Amino acid sequence: MREFTARFATPQEVADWDTHVQANPRGGDMLQSASYADVKKHHGWRPVHLVHEPDDGSQPVYTLALEKSVPVVGRVWYIVRGPSVEVLNDLVGFTKATEAFIRESAKNVFLVKYEPVFLAGEEAQQTLTAAGLTKSFDIQPNDHTALLDTDREPDEIMAGMKSKGRNMLRRAEREGTPVERVELTEENMKTMFALMNTVGQGEANITLRPYEYYRKFWTNFAEAGQGRLYFVHEDGEPSMGAFVVNYGRHGTYKDGGSKPRRKQRGDGHLLQWRVINDLKNDYGIIDYDLCGTPPSDELKNEEHPLYGLGLFKTAFTKEVIDYVGVWDQEISPAKVALWNKLAEKVMRQLWVRSKHEPFY
């Protein structure tokens, strides 16, 4: 079991943040990026850049923590989709180093929320418990997701699709359904947001953030060369849109929207196929996260709010990945008890009412 020491990143390391995160043992995640840190900085969180160095002298782990102050109680750190340690067992030494560092250099932090990208299971649960962590509720939509292996030839990827999805894709190709990568103009971003507003948010239990949040997210990632926007057109107007992210060698279907009652069959399948191949050709992505499905044991549950989205996304890859989700490290158990019993609920309600967006 490896031991770690923790410290704040230097200004130069922060300036080169994406390079360091993408060199992490498991490659890093778009929600650990400099672009995302800047988005959250404008929406109530303070980015904290951490470096954990293992005692064997191997590759350090660069981790973005988002910090939010809680009146009277203290500060919370939320490590979104991280840390990107090499193996799950590294979290034992990682959390130990984090606590020691907080007690020395960030004394007002009472809680750290981790979201490591490891598969759920009994072994993972035992390791996370041994690391002193307690299971919390899931936050990110892709804690259960369809993850497509794209480190293959296009013919192999298509052969691995469900036959219905493959037939829909080919039909859209035959009918010449127009799919286009478009510039990230103000007009196109507003069109994309409008399409997201028509995707049946109530049925899917999806809460949209304000337009300015998405505008900042899309702009940041596009300007960093890490994001792009696609439209499908029907009758000369955008009928479906997708904003996708390439971070290192990982691709993600970040945002999508569409008009209801479209006439073109298979347009969504063809849109995703175009995106997958573009990201493979341009960046050599090894996987593509379709970003959010029901848990694997609820895929056939027609009452699940993500049932319809799950059907579409599992057309590309039949396997659904269940990650371990969010786990809490209680630096101050007394303050965490207050947070869990009252403070978090109050802060989340106030945040939604005042900012019209989710707390996290």
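The structure under discussion appears in the preceding block.
**Observations regarding the packing of helix H7 (residues 163–174) against helix H11 (residues 267–283)**
It is the contact of H7 with H11, at a shortest axis distance of 8 Å, that shows an interaxial angle of 85 degrees. When the axis of H7 is compared with that of H11, the two are roughly perpendicular. Facing Gly 165, Met 168, Leu 169, Ala 172 and Glu 173 of H7, the residues of H11 in contact are Asp 267, His 269, Leu 270 and Trp 273. Counted by class, the contact of H7 with H11 contains five nonpolar, two polar and two charged residues.

**Section: the packing of aromatic side chains**
Evaluation of the coordinates by the stated rule reveals 22 aromatic pairs. With centroids separated by 5.6 Å and ring planes inclined at 70 degrees, the aromatic side chains of Phe 193 and Tyr 211 adopt a geometry described as edge-to-face. Of this pair, Phe 193 sits in helix H8 (residues 186–196) while Tyr 211 is found in helix H10 (residues 211–223), placing the two residues 18 residues apart along the sequence. A single burial state applies to Phe 193 and to Tyr 211, both of which are buried. Centroid distance Phe 312 to Phe 316: 5.7 Å. Interplanar angle 80 degrees. Geometry classified as edge-to-face. Its relative accessible area of 21% is what places Phe 312 among the partly exposed residues.

**Some thoughts on the layout of surface pockets**
Approximately 470 Å³ is the volume found for the second largest pocket. Lining the second largest pocket are 27 residues; nearest its centre among them are Gly 28, Asp 29, Arg 81, Val 117 and His 250. Going through the elements one at a time, strand E10 (237–247), strand E11 (250–258) and strand E12 (287–289) are the ones with two or more residues in the lining of the second largest pocket. With three residues, E11 is the single largest residue contributor to the lining of the second largest pocket. Of the residues belonging to the lining of the second largest pocket, the class tally is 13 nonpolar, nine polar and five charged.

**A short note on the nonpolar core**
In terms of nonpolar packing, the biggest core is built from 45 residues, with Tyr 36, Val 70, Phe 110, Phe 217, Trp 218 and Trp 339 touching the most fellow members. Beyond its immediate sequence surroundings of up to four residues, Tyr 36 is in contact with Met 30, Leu 31, Leu 66, Val 80, Tyr 213, Phe 217 and Phe 221. The next biggest cluster of nonpolar side chains, apart from the first, holds 28 residues, and it includes Ala 6, Val 61, Leu 128 and Leu 133.

**Some words on the sheet that holds strand E5 (residues 109–114)**
Here we have seven strands laid out as an open sheet, ordered E1-E2-E3-E4-E5-E14-E6, and mixed in their pairing. Each edge of the open sheet carries a strand with a single partner, namely strand E1 (4–8) and strand E6 (133–135). Neighbour-to-neighbour, the strand axes of the sheet open up by a mean angle of 30 degrees, direction not taken into account. Each of strand E3 (61–70), strand E4 (74–79), E5 and strand E14 (327–330) touches helix H13 (residues 333–355); the most contacted strand, E3, lies at about 75 degrees to it.

**Digging into the pattern of salt bridges**
Pairing of side chains with opposite charge becomes possible as their charged atoms draw close. Per the counting criterion, the structure on display carries 25 salt bridges. When the shortest N-O distance is used, the salt bridge between Glu 357 and Arg 209 registers 3.5 Å. Placement of Glu 357 in the segment after H13 and of Arg 209 in the loop between helix H9 (201–204) and H10 is noted, with a sequence separation of 148 residues between them. According to the relative accessible area criterion, Glu 357 is buried, its value standing at 5%. A salt bridge links Lys 254 to Asp 255, with the nearest nitrogen and oxygen atoms 3.0 Å apart. Here Lys 254 matches Asp 255 in class, with each residue buried.

**Details of the environment of Leu 271**
With respect to the helices and strands, Leu 271 occurs in helix H11. Residue classification places Leu 271 among the buried residues on the basis of a relative accessible area of 1%. C-alpha of Leu 271 to C-alpha of Lys 40: the two residues are 231 residues apart in sequence and 29 Å apart in space. Those residues in contact with Leu 271, other than ones at most four positions away along the chain, are Val 179, Tyr 230, Val 232, Met 240, Gly 241 and Ala 242.

**Here we look at the sheet that holds E10**
Ordered in space as E8-E9-E10-E11-E12-E7-E13, the seven strands form an open sheet in which the pairing is mixed. Either end of the sheet is taken by a strand with one partner, and the two such strands are strand E8 (179–182) and strand E13 (320–322). Pairs of neighbouring strands in the sheet enclose a mean axial angle of 30 degrees, with direction left out of account. With eight bridges joining them, E10 and E11 adopt antiparallel strand pairing. In the sheet register, Phe 243 faces E11, and the bridge partner there is Asp 255.

About the cut-offs
Residues numbered from 1 in each chain as written. Predicted model: local features only at pLDDT ≥ 70, side-chain atom pairs only at ≥ 80, totals over all residues. Heavy atoms only, no water. Axes fitted to C-alpha atoms, helices over the stretch in contact; angles between N-to-C directions. Helix = DSSP H or I, 4+ residues; strand = E, 2+ residues; numbered from the N terminus. Parallel < 35°, antiparallel > 145°, perpendicular 65-115°, else oblique. Contact = heavy atoms within 4.5 Å. Nonpolar A, V, L, I, M, F, W, Y, C, P; charged D, E, K, R; others polar. Phe/Tyr/Trp six-rings, centres within 6.5 Å; stacked < 30°, edge-to-face > 60°. Buried < 20%, exposed > 50% of the residue type's maximum accessible area, 1.4 Å probe, protein only. 1 Å grid on protein atoms, 1.4 Å probe; cavity = no way out; pocket = protein on both sides within 12 Å on 5 of 7 lines; lining within 4 Å. Points joined across faces, edges and corners; volume = space filled by probe spheres on them. Core = buried A, V, L, I, M, F, W, Y, C linked by side-chain atoms within 4.5 Å. Pairing = 2+ DSSP bridges. Salt bridge = Lys/Arg side-chain N within 4 Å of Asp/Glu carboxyl O.

By themselves, these observations are geometric and do not establish any function.
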